[in-house]
Amino acid sequence: MSGRQVGESGRVRITDEEVRLLQELVHDHCGLSTGVNDGFFLERRLGPRLRELGLKCFLDYYHLLRFDPGGDEELDEFVERITTHETYFFREQFQLDGFCNQVLPSLVDRLSARRSLAFWSAGCSTGEEAYTIAMLVREQPQLDDWNVRVIGTDLSRKVLGQARAGVYGPSSFRTTRADLRRRYFEEVPDGTRVCGAIRRLCSFRQLNLIRAAQYGSVGPVDAIFCRNVLMYLSGSARNQIIESFYDRLAPGGYLLLGHSESLLSTATRFEHVHLEKDLVYRRPLV
Ligand SMILES: C[S@@+](CC[C@H](N)C(=O)[O-])C[C@H]1O[C@@H](n2cnc3c(N)ncnc32)[C@H](O)[C@@H]1O
């Protein structure tokens, strides 16, 4: 066991070497880079966990993660404590307008013989994004008899449980129009639940975006929403994921990223599609 490293405030101190070891471990696991290179951040987020586990220093925590039989489970707990799951319904409305007014019509034109559409919310957190996509599609009367499927995936099992339940509190509704709330939600004792018709279009499963071998479970899709996820990952993880998305998209399929994420400085096979107020990416048809 290593010596105790406790500062005057009672906080367990982390050394530069411990930061490096934990950073490398978490990066290999899921590609995360934001925050994990910051010792103060790690001390704040993980100090309480070390105390819960009765560990004296971060090196002991690293050894537990790496070599203990329960290390994989603890790695999930570690990642849970350093990631953000911030999300809400109808996030980034300008982009959703572009999706409804330009992306969706182009898919509908091209796929009218097939009459089916599949969407992927990659890094869906508690599910609001996946349900938002389903509601936006259901708002299009010409798609009433189309077969629509939305799959939401995330690394965190904890958020997926909430996504499947589909029950939300007020902060998820900060930008939801009153008429949409009336149409697609119902009040239940523990919150506000997405209605059955929308829940039936959506399914959720655990998937680590840096493990391309897991993508097969999603099936081919016509559009991928991966918003506010890549910004927390390293450049190498981002590039690898973008390439895997390309292979998962049907030809002519779209990739929509968050407003602070772009492929402008990335070498990629995607073509850029300039919408009225947004830039999205498309796998060329041929
Ligand atoms: C800030 S939330 C974004 C939620 C939603 N896409 C939105 O824009 O509102 C980021 C999510 O990405 C997930 N995430 C981070 N790294 C991941 C990885 N390697 N594989 C899968 N999901 C990951 C996190 O667990 C978290 O729930």
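Residues numbered from 1 in each chain as written. Predicted model: local features only at pLDDT ≥ 70, side-chain atom pairs only at ≥ 80, totals over all residues. Heavy atoms only, no water.

S.K.: When you look at the domain arrangement of the protein chain in this model, what are you seeing that I'm missing?
M.R.: In many analyses, interface size is given as the accessible surface area lost on bringing the parts together. Partitioning the protein chain into domains gives domain 1 (16-82) and domain 2 (93-282). The C-alpha centroid of domain 2 is placed 30 Å from the C-alpha centroid of domain 1. Summed over both partners, the interface of domain 1 with domain 2 comes to about 860 Å²; 48% of that surface belongs to carbon and sulfur atoms. The residue arginine 157 makes a salt bridge to aspartate 76 at a minimum N-O spacing of 3.4 Å. Viewed at the interface, domain 2 and domain 1 are joined by eleven residue pairs in polar contact (both at pLDDT 80 or more). Per-element accounting of the side of domain 1 that touches domain 2 gives the leading share, four residues, to helix α1 (residues 16-30). Its residues assigned to classes, the side of domain 1 that touches domain 2 comprises three nonpolar, five polar and three charged. (Domains from an automatic or database assignment. Buried area = accessible area lost by both parts, 1.4 Å probe. Salt bridge = Lys/Arg side-chain N within 4 Å of Asp/Glu carboxyl O. Polar contact = N/O pair within 3.5 Å; in protein donor to acceptor, adjacent residues only side chain to side chain. Helix = DSSP H or I, 4+ residues; strand = E, 2+ residues; numbered from the N terminus. Nonpolar A, V, L, I, M, F, W, Y, C, P; charged D, E, K, R; others polar.)

S.K.: Just to check I follow, could you spell out the site of the ligand for this structure?
M.R.: Lining the immediate environment of the ligand, one finds 18 residues, of which His85, Thr87, Arg91, Asp154 and Asn228 sit closest. Taking glutamate 129, its side chain carries an N or O atom lying 3.3 Å from a nitrogen atom of the ligand. Measuring from a nitrogen atom of the ligand, one finds a backbone N or O atom of leucine 209 at 2.9 Å. In isolation the ligand exposes 610 Å². Once the protein is present, 98% of that is buried. Taken together, the residues of the shell around the ligand sort by class into six nonpolar, seven polar and five charged. (Near = heavy atom within 4 Å. Areas by Shrake-Rupley, 256 points an atom, 1.4 Å probe, with all protein chains shown as cover.)

S.K.: How should the packing of aromatic side chains be read in this particular structure?
M.R.: Remark: the centre distance and the inter-plane angle together describe each pair of aromatic rings, the angle taken between the planes. Here the structure, examined in full by the defined rule, presents 13 aromatic pairs. A centroid spacing of 5.2 Å and a plane angle of 35° characterise the contact between phenylalanine 89 and phenylalanine 173, whose relative ring orientation is tilted. Remark: phenylalanine 173 occurs in the loop between β3 (167-168) and α8 (178-184) and phenylalanine 89 occurs in the loop between α4 (71-82) and α5 (93-110); sequence separation between them is 84 residues. Of the two residues, phenylalanine 89 and phenylalanine 173, neither departs from the other in class, the shared state being buried. Ring geometry for phenylalanine 89 and phenylalanine 185: centres 5.0 Å apart, planes at 70°, overall edge-to-face. Here the residue phenylalanine 89 occupies a position in the loop between α4 and α5, and phenylalanine 185 occupies one in strand β4 (residues 185-188), the gap between them amounting to 96 residues. Taken individually, phenylalanine 89 and phenylalanine 185 each receive the classification buried, so the pair is uniform in this respect. A connected cluster of aromatic rings, assembled from ring pairs, spans Phe89, Tyr131, Tyr168, Phe173, Phe185 and Phe204. The ring of phenylalanine 173 is capped by arginine 181, whose NZ or CZ atom sits 4.2 Å from the centre of that ring. (Phe/Tyr/Trp six-rings, centres within 6.5 Å; stacked < 30°, edge-to-face > 60°. Buried < 20%, exposed > 50% of the residue type's maximum accessible area, 1.4 Å probe, protein only. Lys NZ or Arg CZ within 6 Å of the ring centre and 35° of its normal.)

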